[in-house]
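Below are the chains, spelled out letter by letter.
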Amino acid sequence: DSGSAIEFRTGFNNDFSATLSVTQSIWQGGKVFTALEIAKLYKKYALAQEAQVKATVILNAEQLFYSAILTQSSLEVLKKAFEANSYNLDMVEKSYSQGMVSEFEVLRARVEKQNLVPKILKGESDVKLSKQRLKSYLGIDLTRDIVLIEDTGDTSLAGLPELPVLIDTALKARPEMQQM
């Protein structure tokens, strides 16, 4: 037959072989305990990092708060200076009407008073901007009005410990040092 196929047989039907080997050593020179110690150290490092981030957030908020207090205080000083210059201008104008001062003194008093107007406008803008920065940082609605209240407690350095004690405390308690 020229059209028939010839079949050659090799191996056996359903012949299959596989090998799987898994090795898990429980104790290899202390590797497990070393890894556990590394994990504990990393946890301490992460907690120190968290403390550092918290301290940074608080520091930035305090800086923004005191910046807003400073700009508000500067504006109050400018407004008081404007009031004083207004009073001075009134006195100079009265003295001029009585012939006691020259016209130059009146002009000088007017210029001094008017020179404060742009500074007051800038101060008002600075106060608004510093409050906006603080509200933005704290996540407060920017349209909401806030009142800044400064702690008027004792801020003297008399009650502070000596510098070496402060340095030792900082080296022990600072999150950056704990991370190291």
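Residues numbered from 1 in each chain as written. Predicted model: local features only at pLDDT ≥ 70, side-chain atom pairs only at ≥ 80, totals over all residues. Heavy atoms only, no water.

1. Describing the pattern of salt bridges
What counts is decided by this rule: Basic side-chain nitrogens of Lys or Arg form a salt bridge, by our definition, when they fall within 4 Å of a carboxyl oxygen of Asp or Glu. Only DSSP runs of H or I reaching four residues or more are called helices, and only runs of E reaching two or more are called strands; each is numbered from the N terminus. Under the scheme applied here, a residue whose accessible area is under 20% of the maximum for its type counts as buried, over 50% as exposed, and between as partly exposed, the area being computed with a 1.4 Å probe on protein chains only.
All told, the structure shown has five salt bridges when counted by the stated rule. A salt bridge links glutamate 50 to lysine 54, with the shortest nitrogen-to-oxygen separation between them at 3.7 Å. Linking glutamate 50 with lysine 54, this pair stays in helix H1 (residues 31-97), spanning four residues, or about one helical turn. Residue classification places lysine 54 among the exposed residues on the basis of a relative accessible area of 52%. Of the charged contacts in the structure, one is a salt bridge between lysine 122 and aspartate 126, with a shortest N-O distance of 2.7 Å. Taken together, the positions of lysine 122 and aspartate 126, both in helix H2 (residues 103-138) and four residues apart, correspond to about one turn of that helix. Owing to a relative accessible area of 28%, aspartate 126 belongs among the partly exposed residues under this scheme. Through salt bridges with shared partners, one network takes in Glu105, Arg108 and Glu112.

2. Brief notes about a nonpolar patch on the surface
Here is the rule we go by: Like charges within 9 Å and nonpolar side chains (Val, Leu, Ile, Met, Phe, Trp, Tyr) within 5 Å are joined into patches, using only residues over 30% in relative accessible area that form no salt bridge. For the area figures, the Shrake-Rupley method with a 1.4 Å probe applies, and any residue is considered shielded solely by the protein chains shown.
Taken together, the side chains of Leu157, Leu160, Leu163, Leu166, Ile167, Leu171, Met177 and Met180 present a nonpolar region at the surface, about 870 Å² in accessible area. The dominant element in the nonpolar patch, judged by the number of residues it contributes, is helix H3 (residues 163-173), at four residues.

3. With respect to H1
For the record, the criterion: Any helix carries an expected span of 1.5 Å times its number of residues minus one. In what follows, a contact means two residues having at least one pair of non-hydrogen atoms within 4.5 Å.
With 67 residues, H1 should reach 99 Å at 1.5 Å per residue; the first-to-last C-alpha distance of 98 Å fits that figure. Along H1, the positions that sit buried rather than exposed are Ala48, Ala61, Phe65, Ala68, Ile69, Thr71, Leu75, Leu78, Asn85, Ser86, Leu89 and Val92. Those residues of H1 that are buried are in contact with H2 and helix H4 (175-179). Residue glycine 99 follows H1 closely and has a positive phi angle near 80°.

4. Side note on the nonpolar core
Rule in force here: Buried Ala, Val, Leu, Ile, Met, Phe, Trp, Tyr and Cys residues that are joined via side-chain atoms within 4.5 Å together make up what is termed a nonpolar core.
Ranked by size, the top nonpolar core spans six residues in total: Phe65, Ala68, Ile69, Leu134, Ile146 and Leu148. With three residues, the top contributor of residues to this core is H1. When sequence neighbours within four positions are dropped, the list of residues in contact with phenylalanine 65 reads Leu134, Leu148, Ile149 and Glu150.

5. Side note on the packing of H1 against H2
Condition: Every axis corresponds to a line fitted to the C-alpha atoms, with the helix fit spanning only the stretch in contact, and the corresponding angles, defined between N-to-C directions, vary from 0 to 180 degrees. Roughly parallel here means an angle under 35 degrees, roughly antiparallel means over 145, roughly perpendicular means 65 to 115, and every remaining angle is called oblique. Helix crossings get a hand from a simple test, with the near helix turned counterclockwise from the far one by less than a right angle marking a left-handed crossing and a clockwise turn marking a right-handed one. For this classification, the nonpolar set comprises Ala, Val, Leu, Ile, Met, Phe, Trp, Tyr, Cys and Pro, the charged set comprises Asp, Glu, Lys and Arg, and every other residue, Gly included, is treated as polar.
Taken N-terminus to C-terminus, the directions of H1 and H2 make an angle of 160°; their axes are 8 Å apart at the nearest point. One element, H1, and the other, H2, form an angle in the roughly antiparallel class. The hand of the H1/H2 crossing is left-handed. Here the contact of H1 with H2 is built from residues that sort into 21 nonpolar, nine polar and 12 charged.

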